[in-house]
Amino acid sequence: FTEKILRDLDAIHVLKEYVTLHVGAGTFKPVKSETMEEHDMHAEWIEVPKQLIKKLLAELEEPIIAVGTTSLRTLESLYWLGVKTYLSLNGKKETTGKKDELMQLTQWEAYSLAAENVPVANALHSLLQWMELQQADKLTAKTQILIAPGYDFKIISGLITNFHQPQSTLLLLVAALIGEEWKTVYNYALEKDFRFLSYGDGCLLWKK
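Now for a quick tour of the structure.

Calculation rules
Residues numbered from 1 in each chain as written. Predicted model: local features only at pLDDT ≥ 70, side-chain atom pairs only at ≥ 80, totals over all residues. Heavy atoms only, no water. Salt bridge = Lys/Arg side-chain N within 4 Å of Asp/Glu carboxyl O. Helix = DSSP H or I, 4+ residues; strand = E, 2+ residues; numbered from the N terminus. Buried < 20%, exposed > 50% of the residue type's maximum accessible area, 1.4 Å probe, protein only. Phe/Tyr/Trp six-rings, centres within 6.5 Å; stacked < 30°, edge-to-face > 60°. Core = buried A, V, L, I, M, F, W, Y, C linked by side-chain atoms within 4.5 Å. Contact = heavy atoms within 4.5 Å. Axes fitted to C-alpha atoms, helices over the stretch in contact; angles between N-to-C directions. Parallel < 35°, antiparallel > 145°, perpendicular 65-115°, else oblique. Nonpolar A, V, L, I, M, F, W, Y, C, P; charged D, E, K, R; others polar. Pairing = 2+ DSSP bridges.

### Notes on the pattern of salt bridges
In total, this model carries twelve salt bridges according to the counting rule given. Between Lys138 and Glu47 there is a salt bridge whose closest N-O contact spans 2.9 Å. Note that Lys138 is positioned in strand E5 (residues 138-143) and Glu47 in strand E2 (residues 44-49), a separation of 91 residues in sequence. A salt bridge links Lys84 to Glu109; its shortest N-O distance comes to 3.1 Å. With Lys84 in helix H3 (residues 69-89) and Glu109 in helix H5 (residues 109-113), the pair connects residues that are 25 residues apart, well separated along the chain. The pair Lys84 / Glu109 is uniform in exposure class, with both members buried.

### A closer look at the packing of aromatic side chains
In this structure the tally under the stated criterion is eleven aromatic pairs. Aromatic side chains Tyr79 and Trp80 sit 4.6 Å apart centroid to centroid with 80 degrees between the ring planes, which places their arrangement in the edge-to-face category. Here Tyr79 matches Trp80 in class, with each residue buried. Seen from their ring centres, Trp108 and Tyr111 are 5.6 Å apart, and the 55 degrees between their planes marks the pair as tilted. By relative accessible area, Trp108 is classed as partly exposed at 31%. Residue classification places Tyr111 among the partly exposed residues on the basis of a relative accessible area of 27%. Here the aromatic residues Tyr79, Trp80, Trp108, Tyr111, Tyr151 and Phe153 are joined through ring pairs into a cluster of three or more.

### Observations concerning unusual backbone geometry
Notably, Asn117 is not glycine yet its phi reads approximately 50 degrees, a positive angle. Looking at the secondary structure, you find Asn117 in the loop between H5 and helix H6 (120-134). Judged by its relative accessible area of 61%, Asn117 falls in the exposed class. Residue Leu197 is not a glycine yet carries a positive backbone phi of 70 degrees. Summarising the element assignment, Leu197 is placed in the loop between helix H8 (181-191) and strand E7 (202-206).

### Structural notes on the nonpolar core
Of all hydrophobic cores here, the largest spans 51 residues; its most connected members are Leu75, Leu78, Trp80, Leu139 and Ile155. Residue contributions to this core peak at nine residues, all from H3. Beyond its immediate sequence surroundings of up to four residues, Leu78 is in contact with Val48, Leu52, Ile53, Leu56, Leu124, Leu127 and Leu139.

### So, the packing of H3 against H6
With their axes 7 Å apart at the nearest point, H3 and H6 run at an angle of 70 degrees to one another. By the criterion of interaxial angle, the relationship of H3 to H6 is roughly perpendicular. Contacts from Leu78, Tyr79, Leu81, Gly82, Val83, Thr85, Tyr86 and Leu89 of H3 reach H6 at Val120, Asn122, Ala123, Leu124, Ser126, Leu127, Gln129, Trp130 and Leu133. Classifying every residue of the contact of H3 with H6 gives twelve nonpolar, five polar and no charged.

### A short note on the sheet that holds E2
The strands that make up a sheet are held in pairs by hydrogen bonds between backbone atoms, and each pair lies either parallel or antiparallel. Taken together, the four strands give an open sheet; going across it, the order is E1-E2-E5-E4, and neighbouring strands pair in mixed fashion. With one partner strand each, in any of the chains shown, strand E1 (20-21) and strand E4 (104-105) form the two edges of the open sheet. Bridge count between E1 and E2: two bridges; the pairing is antiparallel. Residue Leu21 lies in a different strand from E2, and its bridge partner there is Ile46. In the packing of helix H2 (residues 50-58) onto the sheet, the strands contacted are E2 and E5, and the crossing angle to E2 comes to about 75 degrees.

As far as function goes, none of this settles anything; it's purely spatial.
Next comes the structure, spelled out in structure tokens:
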């Protein structure tokens with residue numbers, strides 16, 4: 001975003017917050033396996049201040065837009081980490097309760113945890129409760145989440161991002177967000193000679 005765009009957003013009272021995700025080279029690793037299930041997703045560290053989680057709780061009824069796929073991965077990971085703490089704090093899952101175990105989200109864990117049907121507010125409340133127990137003002141965790149078609153988005157309503165290359169996990173994420181319409185969107189971008197990749201043109205995609 002340019003400084004002008006940020007000022008324009010402030011003028012119409014769009015709230016903005018910041019998260020930290022330590023992007024590794026794995027973000028750009030192409031999917032070379034025959035099936036998505038065979039792809040080894042990279043893990044990255046995330047850092048989120050407690051105050052941001054409180055604001056998410058307060059704004060759950062409003063559209064929450066991730067700026068960039070890394071921000072989206074961070075926000076969605078918060079929910080699943082919250083589910084893990086919820087199950088642990090309520091004695092619904094066998095766990096040692098160790099920080100390292102609860103604060104790591106593996107590649108397919110979101111899909112196995114989906115059956116628990118924990119409400120978003122409950123998950124975020126549990127995450128805050130766990131942070132209180134740890135006397136932590138900032139959440140530090142490791143996420144390996146792979147967001148692909150079939151994923152059920154919990155936090156975000158939309159995504160601002162650029163156009164991604166074929167055979168990438170980022171394109172899988174876009175397909176998960178807007179469904180088969182991703183082909184229409186990308187065909188339009190190609191026909192109009194949009195710029196692709198990190199310093200290319202941007203688009204706003206709404207959750208289907």
